[in-house]
Structures are given as structure tokens and as C-alpha cells.
Amino acid sequence: MTRKTPTTPSYRLYKRTGQAVVSIDGRDFYLGPHGSETSKAEYDALVSRWLASGRKLDTPGPAGLTVVELIREYWRFVETYYVNADGDATPRVPQVRTALAIVKRLYGRTLAKDFGPVRLRTVRQAFVDGGWSRTYVNQ
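All of these numbers come straight from a predicted model, not from anything done at the bench.

Colleague: Explain the pairing of strand β2 (residues 19-24) here, please?
Modeller: Along any regular strand, the residues point their side chains to alternate faces of the sheet. Burial runs high along β2: five of the six residues are buried. Where strand β1 (residues 12-14) and β2 come together, three bridges link them in antiparallel fashion. Bridging from a neighbouring strand, L13 pairs with A20 of β2. Once β1 ends, the chain turns through four residues before running back antiparallel as β2, passing G18 with a positive phi of about 75 degrees. Between β2 and strand β3 (residues 27-33), which pair antiparallel and follow one another directly, the connecting turn spans two residues, one of which, D25, has a positive phi of 50 degrees.

This is how it looks when you write it as C-alpha cells:
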């Protein structure tokens, strides 16, 4: 049975990390610590954008997205996902920061759609040349 009136996506608690989350168009968006003013403002802005665009998320297409822009968006996720229950960053955050710095240095101006397996191997080799162990690189 279908709903007669469309509903607004709900602001929820993601218990594992204590983050606020909203699901729109089948994607989860982490908004920051649950109950914080920042997370509520992020929720309001995201839902407003979704409503204004006809209940579709108006995300830019990947055609002109550079690696630096992709890194910026991923970093937003990292800051909200890799946190413990107290809201402090986990040890994974510095690891991700270091890895992203290398990717940015090598391919920052490259279009994300042009970043393929050959360039990934180059990044992996840069990690190995930096003295990283296989386990650390795989993480």
C-alpha cells in the first residue's frame, strides 16, 4: 500500500557513532553529533534543498568533479563518521588525512572520472615508497 501524503525524511540517531543521520534518495547523510545545533542546521539545509528541487537531491554530476573536490567532500564524511561516542576523532582520521594528502599531491587537479586503476596503482606505490606496510596501505 502506498502512502497518500509524502513525508519529510526523518532526523535520526545513528547509535554506532552518536551521529545524526537522514536518508534521502536512498543515501545516508551524516550531519554531526546528534542533537547538536550544527546537525539540526545541516538537516534543515539538506531537507530544504531536497524539497526545493522537487523532492530530488540536486547533487552535481561527476563529469567536472576534480580529485581535490572529491577529497573535500570525502573529508566532510570522515570528520563525522570516524568519531567515537564522545565525539572525538578516532585514530583512523590521521591515517586518512595522510593518504589523502598523497592523492591530492599526485592527482589533485585530475578529473575524478579520469582516476582509474593505473593511477590508483601509482598512489599505492607512493604509499609503499613512503615505507608504509602492506597492512597499513590496505587499511
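Colleague: So what exactly am I meant to see when it comes to the environment of K40 here?
Modeller: For K40, the position within the fold is in helix α1 (residues 37-52). In the structure, K40 is positioned 95 residues away from T135 in sequence and 38 Å away in space, judged by C-alpha atoms. With near-sequence residues (within four places) excluded, K40 lies in contact with Y11 and G35.

Colleague: Looking at this structure, how should I read the sheet that holds β2?
Modeller: Sheet strands pair by backbone hydrogen bonding; their relative direction is either parallel or antiparallel. If you walk across this open sheet you meet the three strands as β1-β2-β3, and the pairing is antiparallel. Looking at which strands have only one partner, the edges of the open sheet turn out to be β1 and β3. Geometrically, the sheet is characterised by an average inter-axis angle of 45 degrees between neighbouring strands, direction not taken into account. Pairing geometry for β2 and β3, over six bridges, is antiparallel. For Q19, the partnering residue across the bridge sits in β3 and is P33. In the packing of α1 onto the sheet, the strands contacted are β2 and β3, and the crossing angle to β3 comes to about 150 degrees.

Here is what the cut-offs are and how they apply
Residues numbered from 1 in each chain as written. Predicted model: local features only at pLDDT ≥ 70, side-chain atom pairs only at ≥ 80, totals over all residues. Heavy atoms only, no water. Buried < 20%, exposed > 50% of the residue type's maximum accessible area, 1.4 Å probe, protein only. Helix = DSSP H or I, 4+ residues; strand = E, 2+ residues; numbered from the N terminus. Pairing = 2+ DSSP bridges. Contact = heavy atoms within 4.5 Å. Axes fitted to C-alpha atoms, helices over the stretch in contact; angles between N-to-C directions.

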